[in-house]
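Notes for the structure review
In case you want the letters, here they are:
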Amino acid sequence: MQEATVGHQGKLSFRVERTFSNPDLTIDDLIVTAELPGLRAGKRVWDFDGWSGLLSFFDELAHNWRGWHGEKTFDSIEGDLRLTAKHDGHVRIAFELREFAGATPWRAQGELALDPGEELTAAAESLRDLLAGTKP
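Notes on the structure follow. (Residues numbered from 1 in each chain as written. Predicted model: local features only at pLDDT ≥ 70, side-chain atom pairs only at ≥ 80, totals over all residues. Heavy atoms only, no water.)

Things to note about the sheet that holds strand β7 (residues 91-99)
Quick note on the threshold: At least two bridges found by DSSP between two strands are what make those strands a pair. Labels follow the DSSP assignment, with helices taken as runs of H or I lasting at least four residues and strands as runs of E lasting at least two, numbered in each case from the N terminus. Every axis in this analysis is a line fitted to C-alpha atoms, fitted for helices over the stretch in contact. Angles between the N-to-C directions lie between 0 and 180 degrees. We call two residues in contact when some of their heavy atoms are within 4.5 Å.
Reading across the sheet, the four strands line up as β5-β6-β7-β8 and stay open at both edges, with antiparallel pairing between neighbours. Pairing within the sheet leaves two strands with one partner each, and these edge strands are β5 (72-75) and β8 (106-114). Here the strands of the sheet are splayed against their neighbours by 15 degrees on average, with no regard to which way each runs. Two strands pair when backbone bridges link them, and β7 and β8 are joined in this way by nine bridges, in the antiparallel orientation. Residue pairing across strands places E99 opposite W106, the latter belonging to β8. Against the sheet, helix α1 (residues 52-63) engages β5, β6 (81-87) and β7, with an angle of about 165 degrees to β5.

Concerning the environment of V91
Structurally, V91 is set in strand β7. With 23 residues separating them along the chain, V91 and W68 place their C-alpha atoms 9.9 Å apart. With residues up to four places along the chain from it excluded, the contact list for V91 reads W68, K86, L112, A113, L114, P116 and L120.

So, helix α2 (residues 118-130)
Think of an α-helix as 3.6 residues a turn; residues three or four steps apart then line up on the same face. The following threshold applies: Multiplying one less than the number of residues by 1.5 Å gives the expected span of a helix. Between buried and exposed lies partly exposed: a residue is buried under 20% and exposed over 50% of the maximum accessible area for its type, with that area taken using a 1.4 Å probe on protein chains only. This arc is taken over the directions from the axis of the helix to the C-beta atoms.
With 13 residues, α2 should reach 18 Å at 1.5 Å per residue; the first-to-last C-alpha distance of 18 Å fits that figure. Considered for burial, the residues of α2 that qualify are L120, A123, A124, S126, L127 and L130. Projection of α2 onto a plane perpendicular to its axis shows the buried side chains occupying an angular sector of 160 degrees, all on one side. Looking at the buried side of α2, the elements it contacts are β1 (3-7), β2 (13-17), α1, β7 and β8.

Some words on the pattern of salt bridges
Here is the rule we go by: Here, a salt bridge means any side-chain nitrogen of Lys or Arg that lies within 4 Å of a carboxyl oxygen of Asp or Glu.
Summed over the entire model, instances satisfying the criterion amount to ten salt bridges. With a closest N to O distance of 2.7 Å, K72 and E60 form a salt bridge. Here K72 is found in strand β5, whereas its partner E60 is found in helix α1, with twelve residues between them in sequence. Note on K72: relative accessible area 18%, which makes it buried.

No statement about biological role is implied by the geometric values presented.
Structural data, given as structure tokens:
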């Protein structure tokens, strides 16, 4: 598998794409694309831990699918990808993708709703499959 989509492709979603692995099977960067009505923004996002933080974030959401209090967050090491999840009967994941470098910094953000059962579990499994072979 080379990509995973969280949300409803063609509506509100973000897609994570694996481009290549290092010789030690770790993945330092992914291409993350936010798809919003009328907007598609993508960027290469770097992380140093084989993306175990992102996997833990989604695994924790799926494990607690019945609900939790407050917000759960994931931030990439350079702050260019932020996910914030809350549970109100659905799992709402706000995502923000940012570009700080260059002449024109930009930010794309949106919020998607996932059903807390199968849809959330499928998102977590899809990301795990995408990142299979990475070292925690």
